[in-house]
Amino acid sequence: MPPDTTSESPGSDVTSTVFKDTELTLGLPGEARFSGGKTCSKRGFIERSMDLNLGDSSSSSSQTRGKILAGQDFSSESLVSGAGKPSAAKRQEVVGWPPVRSLRKRALEGCKYVKVAVDGAPYLRKVDLEIYNSYQELLRALEQMFMTCFAIRGNYVGEGGRKVMYPMKEMEYVPTYEDKDGDWMLVGDVPWKMFLESCKRIRLMKSSEAVGTLAPRTHPRSCTYEVAADQQLKAR
Amino acid sequence: MNYFPDEVLEHVFDFLTSHRDRNAVSLVCSLWYRVERFSRQRVFIGNCYAISPEKLIKRFPGLKSLTLKGKHHFADFNLVPYDWGGYVQPWIEALAKSRIGLEELRLKRMVVSDESLELLSRSFANFKALVLVSCEGFTTDGLAAIAANCRFLRELDLQENEIDDHSGHWLSCFPDSCTSLTSLNFACLKGEINSASLERLVARSPNLRSLRLNRSVPLETLQKILVQAPLLVDLGTGSYVHDPDSETYNKLKTTILTCKSIRNLSGFLEVDPRCLPAIFPICLNLTYLNLSYAAGIHGSELIKLIRRCAKLQRLWILDCIGDKGLEVVASTCNELQELRVFPSDPLGIGHDAVTEYGLVAISIGCPKLHSLLYFCQQMTNAALITVARNCPNFIRFRLCILDPTKPDAVTMQPLDDGFGAIVQSCKFLRRLSLTGLLTDQVFRYIGMYAEQLEMLSVAFAGNSDKGMLYVLNGCKKLRKLEIMDCPFGNGALLSDAGKYETMRSLWMSSCEITLSGCKTLAKMMPRLNVEIINEHDQMEICPEDDGQRVGKLYLYRTLVGPRKDAPEFVWNL
């Protein structure tokens, strides 16, 4: 049974030498140092986790545990400002904090929520892609979700999930998604699992916008893809 | 008392159900001790290293039900290394060799191997119940052995264990003759199981009252199972995802209407909120609802669901419910006794989280609240004071501000007074966890007022040894004290060494205690095991250097001296 390693900073190669070398020298300017003792200069929880955030290589997070800064001054800026300011990136995980079981943390990580926008809809929705096993399931779910918020033309609703692959004149919306590289792609080209990993958000684009006035090519699918790509360029 | 024959005494003792009462009774005189020990069937051992299996067997030959706890609570948060200890194997071996007719085994935070499970399954003809909570070290092969060999198995309850899943084959190992199951919980298993086997198992278990499925069990299977088990009281769904227009879903809606006995509902690890209406009809009967793994239910769907659960007594949810959602809980669930709000975004700072507003609303709407676990973004003294006034019945109060040294969000002051109000008002408080900016003052309050306090968890709090001293001197009933990252040193540790023999254990990590202090304590108190966990060779460089700070100290009282199974990195002083 492999030990739970979620608490170790990735890539950290912790040796006691590295730990000792760095522990005395790092810290934010103007910070009160804890005096006495041979070992590390213990620092406040916030400061230490922000250091880790900045890619601090003394990532022996399991060793340097934070402490409240010495001193009676509880209005000290470093504590208050640290507490109030939401860090731009997520705070690095600190061993033992927050006190949540790993099982729980991992269960929540297993969700993949993406925003879904539909042209013309007054608000966006969020869906957990992990609960669907195929494009069909996803698109049916989206269809149902958005039916409630605005009217969809008759020929879009109905027959079956495959219609997303057909030429666009048969449906009102083209499903597109933004991938990890920031490009807008047509939903359906890559295997489902690959889509799960790369999809960051979804947009159901009005087909009228997507088709434009271009003549269809022999392969309907490449037509829509190229049009979508054109649209992408136009949008930029 | 000599006038009563032993049988009468035994009969009287039968009415004592709590371990503490029976323990107390056994101390009255040697006659009572003798009668009590022969008639005792259930034994609870809070620390498996406090006593040995041999002594247990010798004292309680009539033992039928054993509860054992292994690693310290902080093992849940990765502070205890995997191979620290807590093995159940020696216990099972000793019990197997003896004439003990073990029927129930409940383990928490122990290391359980497939070999142990196999031995267990073969050694006790009348074995009925296995409950494993937060254990690890075994695979589904071990479960297969239990299923195959325990002919009268009633209960197999796996809660939040780390289990290596080899396949769903284990479920098929229950023989056709096994019809005695009352409770089956495999929600924590990660792998697939054989749906047909599961359906057949349920079909031949007429006494099944509690069933918690894992993520892999599809909705179709759930529907078929519920048809076979309409008397279920406790249900944990598997994958609650389906096309709401399908026949399967419609069948489920009808089937659920027949499940009038369901009082506890959990699961929803995977959920399509459009399928939730199927459970609406049973919501009004629910007394326990656990949505703490249901990240897929939020916003208006979550509120819609909660509004139907007016009889809830225990609610576990994620903080994406928000303060507004908690207001709905407060207005709907007036019978609420226990609330747990878990973080849905443990590392980041989410906007959906809850604050002091939600807690105050709950305190107003739910006067019967006695147990709280609340992960939140911020807190204020004013809110805590209000909560203390509204809910004086707290037995367990655990507040976890995700940013652990955060002061009062409005006044920027420490939260001493807020927690002080809690301990002063809640005279029956047994368990307390503190976070936020806290000085020695909060410990002074705790020492003064928390007379019934048994367990205290502290992190990043206090200014000096005085803090810890207030607690050690004041809390007479203290059993477990766990401290991380507080400025408490040798002075506090050594001030009242005798106190630790009245407690189960003390944990101190990343504090100011040194090796010298720990060694001194160990020398003074031979009936304590004083263990230093020396991970990553922190202290290897200079083991004679007594001035070096101790990373992790875990000490506990014991009748059997230093344990023999300690790994290299655990030093018993």
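So, how was this worked out
- Residues numbered from 1 in each chain as written.
- Chains lettered and ligands numbered in written order.
- Predicted model: local features only at pLDDT ≥ 70, side-chain atom pairs only at ≥ 80, totals over all residues.
- Heavy atoms only, no water.
- Helix = DSSP H or I, 4+ residues; strand = E, 2+ residues; numbered from the N terminus.
- Buried < 20%, exposed > 50% of the residue type's maximum accessible area, 1.4 Å probe, protein only.
- Contact = heavy atoms within 4.5 Å.
- Areas by Shrake-Rupley, 256 points an atom, 1.4 Å probe, with all protein chains shown as cover.
- Rg over C-alpha atoms; globule rule 2.2 N^0.38 Å.
- Lys, Arg positive; Asp, Glu negative; His and termini not counted.
- Charge placed at Lys NZ, Arg CZ, Asp CG, Glu CD.
- Phe/Tyr/Trp six-rings, centres within 6.5 Å; stacked < 30°, edge-to-face > 60°.
- pLDDT = per-residue confidence, 0-100.
- Arc of directions from axis to C-beta.
- Polar contact = N/O pair within 3.5 Å; in protein donor to acceptor, adjacent residues only side chain to side chain.
- Pairing = 2+ DSSP bridges.
- Axes fitted to C-alpha atoms, helices over the stretch in contact; angles between N-to-C directions.
- Core = buried A, V, L, I, M, F, W, Y, C linked by side-chain atoms within 4.5 Å.
- Right-handed = clockwise from strand over helix to strand, strands pointing away.
- UniProt positions renumbered as here; feature names shortened; annotations may be inferred.
- Parallel < 35°, antiparallel > 145°, perpendicular 65-115°, else oblique.
- Left-handed = near helix turned anticlockwise from the far one by under 90°.
- Nonpolar A, V, L, I, M, F, W, Y, C, P; charged D, E, K, R; others polar.

(A) Expanded view of the overall build of chain A. A tally of regular secondary structure across chain A gives eight helices and five strands. Sequence-ordered secondary structure for chain A, helices as α and strands as β, is α-α-α-α-β-β-α-β-β-α-β-α-α. The 236 residues of chain A split such that 46% are buried. Nonlocal contacts in chain A, meaning residues at least 24 apart in sequence, comprise 54% of its contacts between residues at least 6 apart. Summed over its atoms, the accessible surface of chain A is roughly 12,500 Å², and 54% of this surface lies on carbon and sulfur atoms.

(B) Representation of the overall build of chain B in the model. In terms of helices and strands, chain B carries 20 helices and 25 strands. For 573 residues, the compact-globule estimate of 2.2 N^0.38 gives 25 Å, and chain B sits close to it at 25 Å. For the C-alpha atoms alone, the extent of chain B along its principal axes is close to 70 × 65 × 60 Å. Burial status across chain B gives 62% buried among its 573 residues. Relative to all contacts within chain B whose residues are 6 or more apart in sequence, the contacts with residues 24 or more apart total 72%. On chain B, roughly 21,700 Å² of surface is accessible, and the fraction owed to carbon and sulfur atoms is 53%. Within chain B, the 64 negative side-chain charges are centred at a point lying 8 Å from the centre of the 64 positive side-chain charges.

(C) Inspection of the packing of aromatic side chains at higher detail. Residue and element names in this part refer to chain B. Inspection of every chain in the model, using the stated rule, returns 20 aromatic pairs over all chains. Aromatic side chains F342 and F375 sit 6.3 Å apart centroid to centroid with 25 degrees between the ring planes, which places their arrangement in the stacked category. A residue pair is termed long-range when its members are at least 10 positions apart, and F342 in strand β16 (residues 338-342) and F375 in strand β17 (residues 371-376) qualify at 33 residues. Accessibility classification places F342 together with F375 in one group, the buried group. Summarising the aromatic geometry, the rings of F443 and F488 are spaced 5.6 Å apart at their centres and angled 80 degrees between planes, so their arrangement reads as edge-to-face. Taken together, the residues F443 in helix α17 (residues 440-449) and F488 in the loop between β21 (480-484) and α19 (490-494) connect sequence positions 45 residues apart.

(D) Spotlight on the confidence of the model for chain A. Residues and elements named next belong to chain A. Per-residue pLDDT for chain A has a mean of 57; in total, 38% of the residues score no lower than 70. When the elements of chain A are averaged for pLDDT, helix α3 (residues 77-84) gives the smallest value, 36, and strand β4 (residues 184-186) the largest, 89. The low-confidence segment residues 50-92, where pLDDT is below 50, has 107 contacts with residues more than four positions distant or belonging to other chains.

(E) Highlighting helix α8 (residues 195-203) of chain B. All names here are of chain B. Among all positions in α8, only S197, L198, L201 and V202 are buried. One side of α8 carries all its buried residues, which in axial view fall inside an arc of 130 degrees. Looking at the buried side of α8, the elements it contacts are β8 (183-185), β9 (210-212) and α9 (219-228). One side-chain oxygen at the N-terminal end of α8 lies 3.0 Å from the backbone nitrogen of A196; it belongs to N194.

(F) The sheet that holds β4(A), seen in detail. All names here are of chain A. In space, the five strands of this open sheet follow the order β2-β1-β5-β3-β4, with mixed pairing throughout. In this open sheet, the two strands that pair with only one neighbour each are β2 (125-128) and β4. With direction set aside, neighbouring strand axes in the sheet form an average angle of 35 degrees. Relative to β2, strand β1 (residues 113-118) runs antiparallel, the two being bridged by four bridges. The residue of β2 that forms the bridge with Y113 is D128.

(G) Layout of the nonpolar core. Residue and element names in this part refer to chain B. Residues L66, Y240, F397 and I446 are the most contacted members of the largest nonpolar core, which totals 205 residues. Broken down by element, this core gets its largest block of residues, five residues, from β17. The residues touching Y240, leaving out its near neighbours within four places in the chain, are L219, L222, L252, F268, E270, V271, D272, C275, L276, A278 and I279.

(H) Main features of α17(B). Where α17(B) is concerned, the buried positions are B:D440, B:V442, B:F443, B:Y445, B:I446 and B:G447. Elements in contact with the buried residues of α17(B): α16 (416-425), β19 (431-434), β20 (455-459) and α18 (465-474) of chain B.

(I) The arrangement of the pairing of β16(B) in detail. Residue and element names in this part refer to chain B. For β16, a buried count of four out of five residues is recorded, marking the element as mostly surrounded by other parts of the structure. Note that strand β15 (residues 314-318) and β16 share five bridges and pair parallel. When the sheet's bridge partners are listed, L318 is paired in β16 with F342. For the segment spanning β15, helix α13 (residues 322-332) and β16, crossover handedness is right-handed.

(J) Structural detail: unusual backbone geometry. Between A:W97 and A:P98 the backbone carries a cis peptide bond, its omega angle lying at -10 degrees. Considering the arrangement of structural elements, one finds A:P98 in the loop between α3 and α4 (102-109). Of note, B:N78 is a non-glycine position whose phi angle comes to about 65 degrees, a positive value. Position of B:N78 relative to the elements: it lies in the loop between β2 (65-69) and α5 (89-97). The phi angle at B:F460 is positive, at roughly 55 degrees, despite the residue not being glycine. With respect to the secondary-structure elements, B:F460 resides in the loop between β20 and α18. Of the residues examined, B:F460 reaches a relative accessible area of 0% and is grouped as buried.

(K) Quick peek at the environment of A:E143. All names here are of chain A. Tracing the backbone through its elements, the reader meets E143 in helix α5 (residues 135-147). Accessibility expressed as a relative area gives 11% for E143, which makes it buried. Along the primary structure E143 and Y173 are separated by 30 residues, whereas in three dimensions their C-alpha atoms are 10.0 Å apart.

(L) Quick peek at the UniProt feature "domain: F-box" (unreviewed entry) in chain B. Feature annotation in UniProt places "domain: F-box" (unreviewed entry) on residues 4-45 of chain B, given in this structure's numbering. A helix fraction of 60% and a strand fraction of 10% characterise residues 4-45 of chain B, whose end C-alpha atoms lie 30 Å from each other.

(M) Expanded view of the packing of α5(B) against helix α6 (residues 114-123) of chain B. All names here are of chain B. Direction vectors running N to C along α5 and α6 enclose 20 degrees, while the axes themselves pass 10 Å from each other. What the angle tells us is that α5 and α6 run roughly parallel. Two packed elements cross with a definite hand, and for α5 against α6 that hand is left-handed. When α5 is examined against α6, the residues Q89, I92, E93 and A96 are found in contact with a partner set consisting of E115, S116, L119, L120 and S123. The residue makeup of the contact of α5 with α6, split by class, is four nonpolar, three polar and two charged.

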